[in-house]
Amino acid sequence: VACADPLRLPPSFSASSAAARTAVEVLARLRGLMLRGVSPEAYRGRAVEDSLLRLQADRALVLAAVSRNGAALRLTRPEFRNDREVVMAAVRQRGRALCYADQRLRSDRELVLAAVGQNGRALEHAE
């Protein structure tokens, strides 16, 4: 069952079910691995990391993810693409991630300089 809000579970998903408890345990373990900086390959690759980024609203997790893969900024919620600290972490890792930042931040001098310092071609994404 598809959810209108990807951060909410469908009403039919019982929080007391064994599946719910297992899902919570798995996500907690994955979150711990990601926050410690364990390589995504250690927990079944990028698909898992990409899915978690789409489903979560955990700022610490977003910061950890974009610090290791700046392009992951494209998968974050709009409020994180408008968060200066998150965008800075992303462009320091991958300058061209500037293209995923909110338009307002693409004209931020310090962010643009950091992005261009990492990859000169990031300048094409500056406003």
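Residues numbered from 1 in each chain as written. Predicted model: local features only at pLDDT ≥ 70, side-chain atom pairs only at ≥ 80, totals over all residues. Heavy atoms only, no water.

A.B. asks: Would you mind showing me how to read the overall build of the protein chain here?
C.D. replies: Scanning the protein chain for helices and strands turns up six helices and zero strands. Reading the protein chain from its N end, one meets helices and strands in the order α-α-α-α-α-α. Long-range pairs, those at least 24 residues apart, make up 42% of the contacts in the protein chain between residues at least 6 apart in sequence. Total accessible area on the protein chain stands at roughly 7500 Å², and carbon and sulfur atoms take up 53% of it. (Helix = DSSP H or I, 4+ residues; strand = E, 2+ residues; numbered from the N terminus. Contact = heavy atoms within 4.5 Å. Areas by Shrake-Rupley, 256 points an atom, 1.4 Å probe, with all protein chains shown as cover.)

A.B. asks: Teacher, can you tell me more about the nonpolar core here?
C.D. replies: In a soluble, globular protein the nonpolar side chains are often hidden away together inside. Counting residues in each nonpolar core, the largest one holds 21 residues, and the members touching the most others are Val66, Leu73, Val86, Val87, Val91, Leu98 and Leu111. Mapped by element, the contributors of at least two residues to this core are helix H3 (59–68), helix H5 (84–93) and helix H6 (109–118). At six residues, the largest contribution of residues to this core is made by H5. In this structure, Val86 is in contact with Arg59, Val62, Leu63, Val66, Leu73 and Phe80, ignoring residues within four places of it in sequence. (Core = buried A, V, L, I, M, F, W, Y, C linked by side-chain atoms within 4.5 Å. Buried < 20%, exposed > 50% of the residue type's maximum accessible area, 1.4 Å probe, protein only.)

A.B. asks: Where do I start with the pattern of salt bridges in this structure?
C.D. replies: Any two side chains of opposite charge can pair, on the condition that their charged atoms come close. This structure, assessed with the given rule, holds eight salt bridges. Where Arg59 meets Glu85, a salt bridge forms, and the shortest distance between an N and an O atom there is 2.7 Å. In this pair, Arg59 is assigned in helix H3 and Glu85 in helix H5, connecting sequence segments 26 residues apart. Judged by relative accessible area, which is 31%, Arg59 ranks as partly exposed. Residue Glu79 pairs with Arg77 through a salt bridge whose shortest N-O separation is 3.0 Å. With a relative accessible area of 26%, Arg77 lands in the partly exposed category. (Salt bridge = Lys/Arg side-chain N within 4 Å of Asp/Glu carboxyl O.)

A.B. asks: Sorry if this is basic, but what is going on with the packing of H3 against H5 here?
C.D. replies: Angle between the axes and distance between the axes are the two parameters that describe a pair of packed helices. The N-to-C vectors of H3 and H5 enclose an angle of 20°; their axes lie 7 Å apart at closest approach. Judged by the inter-axis angle, H3 sits roughly parallel to H5. Where H3 crosses over H5, the two elements pack in a sense that is right-handed. Residues Arg59, Val62, Leu63, Val66, Ser67 and Arg68 of H3 pack against Glu85, Val86, Ala89, Ala90 and Gln93 of H5. Residues that form the contact of H3 with H5 fall into these classes: six nonpolar, two polar and three charged. (Axes fitted to C-alpha atoms, helices over the stretch in contact; angles between N-to-C directions. Parallel < 35°, antiparallel > 145°, perpendicular 65-115°, else oblique. Left-handed = near helix turned anticlockwise from the far one by under 90°. Nonpolar A, V, L, I, M, F, W, Y, C, P; charged D, E, K, R; others polar.)

A.B. asks: It is not clear to me how H6 should be interpreted in this structure. Could you clarify?
C.D. replies: Given 3.6 residues per helical turn, the α-helix brings residues three or four places apart onto the same face. Inspection of H6 places Leu111, Val112, Ala114 and Ala115 among the buried residues, and these make up the whole buried set. An end-on view of H6 places all buried positions within 160° of arc, on one side of the element. Facing away from the buried side of H6 by more than 90 degrees, the exposed set consists of Arg109, Leu113 and Gly117. Elements in contact with the buried residues of H6: H5. (Arc of directions from axis to C-beta.)

Honestly, it's all geometry; don't read function into it.
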